[in-house]
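The chain contents come next:
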Amino acid sequence: MFEETREYCKKIGLPTGDAYDMPSSNMRFPDGGAFRTEVPTVNTAEAVQALLETAEKNGIYINRVTETYGMFRHTREEIKEYCRLCNEHEAELLMSVGPRATYDTGATVLSEQGVRISYRLRGMDQLLRGVEDVKRGYDLGVRGFLIYDEGMLWLVGQMRRDGALPKDIIFKTSAHLGQCNPASFKLLESLGADSINPVRDLQIPMIAALRQAVKTPLDVHTDNPPGSGGFIRVYEAPEIVRVAAPVHCKTGNSVVAGHGQLTSASDGKKMADQASIVVEMVNKYYPELKQSPKGTDDLHIPVV
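Quick look at the structure, then. None of these values were measured; they are calculated from a predicted model.

Comments concerning the state of the cysteines
As used here, a disulfide is simply a covalent bond connecting the sulfur atoms of two cysteines.
Piece 1. Applying the stated rule across the entire model yields zero disulfides.
Piece 2. Lacking any disulfide linkage, Cys83 is separated from the closest cysteine sulfur, that of Cys86, by 7.4 Å.
Piece 3. Free cysteine Cys249: the closest other cysteine sulfur is in Cys86, separated by 19 Å.
Piece 4. You can call Cys249 buried: its relative accessible area is 0%.

Have a look at this one:
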């Protein structure tokens with residue numbers, strides 16, 4: 001079926017369908033790692049500290065910490081504390097660009113049907129404010145930023161290429177963009193995304209097809225809060241790593257009710273415990289698929 005369309009997609013670098021054969025990915029992070037751990041929704045400095053210290057006690061390490069509350073809602077002092085803690089534990093830090101649809105004066109995103117617009121930015125002024133949020137974070141030591149709008153990604157990617165933003169900034173796209181197919185991923189890669197987060201409930205053959213379309217690292221949820229599905233797929237984590245490498249295994253936020261909420265030290269400890277289960281599963285079933293070392297050279301460690 002659909003042979004003519006499949007053949008055209010193949011010519012332009014897209015897979016011809018979801019990868020039901022689930023082939024292994026031979027791609028790796030620059031350090032040779034097949035996977036890294038990423039813990040999102042770490043939305044207070046006290047949660048960061050508890051997460052990283054508990055992970056150490058559990059005998060694991062966290063490669064990436066992601067804040068999702070909104071960078072512009074944190075004081076300068078707290079952002080600096082985020083940077084200090086992640087620098088001390090050699091973890092990459094990503095902070096979310098603050099102005100977005102749910103914080104705007106428009107009501108559409110809060111309606112039953114309007115929620116589909118996700119966190120995208122409304123109007124040019126919000127784009128400008130988003131860029132200023134990136135600049136504020138950079139000045140305080142942050143080097144990685146979570147982006148919720150394709151237009152925003154295009155703009156900051158262009159600014160980075162032109163030298164209007166520093167070259168050492170990295171941009172990750174959020175699952176809230178709602179991207180879930182290989183063509184969309186090729187678009188995000190072309191716009192400057194340094195890692196791409198698909199929607200959270202893709203089946204493994206779908207994830208494998210994403211890997212066939214792009215070289216950019218994927219950020220795949222291995223567990224999720226009730227607010228966006230509540231699934232926990234730790235037994236699938238080894239296969240996700242096998243087909244999607246290089247991949248960030250996003251783990252830990254199943255311990256909270258939803259994305260973007262403030263998190264406590266207690267939450268941080270539970271997140272570390274959840275992350276340790278994911279690492280355990282990958283190490284048990286595919287020990288040859290190695291995690292990137294702690295503090296590896298290509299991680300953008302925060303400046304303090």
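Next comes the rest of the account.
Some points on the pairing of strand β3 (residues 92-96)
Piece 1. Most of β3 sits out of view: five of its five residues are buried.
Piece 2. Burial of β3 is two-sided: the residues Glu92, Leu94 and Ser96 facing one way and the residues Leu93 and Met95 facing the other way are all buried.
Piece 3. Alignment of strand β2 (residues 64-66) against β3, held across three bridges, turns out to be parallel. Of the residues in β3, the one forming a bridge with Val65 is Leu93.
Piece 4. Crossover connection from β2 via helix α3 (residues 76-88) to parallel β3: handedness right-handed.
Piece 5. Examined bridge by bridge, β3 and strand β4 (residues 144-147) share three bridges and lie parallel to one another.

Digging into the nonpolar core
Piece 1. Leu51, Ile62, Val65, Phe145, Met152 and Leu218 are the most contacted members of the largest nonpolar core, which totals 78 residues.
Piece 2. Here this core takes seven residues from helix α9 (residues 265-285), the largest share from any one element.
Piece 3. Among residues more than four places away in sequence, those in contact with Ile62 are Thr37, Val39, Leu51, Leu52, Ala55, Ala91 and Ala275.

Quick look at helix α6 (residues 182-191)
Piece 1. Within α6, the full set of buried residues consists of Pro182, Ser184, Phe185, Leu188 and Leu191.
Piece 2. Of the surrounding secondary structure, the elements contacted by the buried residues of α6 are α5 (150-162), β5 (170-173), β6 (195-196), α7 (204-213) and β7 (218-221).
Piece 3. Sitting at the amino-terminal end of α6 is Asn181, which places a side-chain oxygen 3.1 Å from the backbone nitrogen of Ala183.
Piece 4. Within two residues after α6, Gly192 carries a phi angle of roughly 115 degrees, on the positive side.

As for the pattern of salt bridges
Piece 1. All told, the structure shown has 17 salt bridges when counted by the stated rule.
Piece 2. The salt bridge partner of Glu88 is Arg84, with a shortest N-O separation of 2.9 Å. Placement of both Glu88 and Arg84 in helix α3 is noted, with a separation of four residues, approximately one turn of the helix.
Piece 3. It is possible to trace a salt-bridge network through shared partners that takes in Glu38, Arg64, Glu92, Lys172, Asp219 and Lys250.

Topic: α3
Piece 1. For α3, spanning 13 residues, the distance from its first C-alpha to its last is 18 Å, which sits close to the expected 18 Å at 1.5 Å a residue.
Piece 2. Those residues of α3 lying buried are Ile79, Tyr82, Cys83, Leu85 and Cys86. Take α3 and look down its axis: the buried residues cluster within an arc of 170 degrees, on one side only.
Piece 3. As for α3, its buried residues are in contact with α2 (45-57), β2, β3 and α4 (124-139).
Piece 4. Glu90, located one to two residues past α3, shows a positive phi value of around 55 degrees.

Reading the values: rules and limits
- Residues numbered from 1 in each chain as written.
- Predicted model: local features only at pLDDT ≥ 70, side-chain atom pairs only at ≥ 80, totals over all residues.
- Heavy atoms only, no water.
- Disulfide = S-S within 2.5 Å.
- Buried < 20%, exposed > 50% of the residue type's maximum accessible area, 1.4 Å probe, protein only.
- Helix = DSSP H or I, 4+ residues; strand = E, 2+ residues; numbered from the N terminus.
- Pairing = 2+ DSSP bridges.
- Right-handed = clockwise from strand over helix to strand, strands pointing away.
- Core = buried A, V, L, I, M, F, W, Y, C linked by side-chain atoms within 4.5 Å.
- Contact = heavy atoms within 4.5 Å.
- Polar contact = N/O pair within 3.5 Å; in protein donor to acceptor, adjacent residues only side chain to side chain.
- Salt bridge = Lys/Arg side-chain N within 4 Å of Asp/Glu carboxyl O.
- Expected span 1.5 Å × (residues − 1).
- Arc of directions from axis to C-beta.

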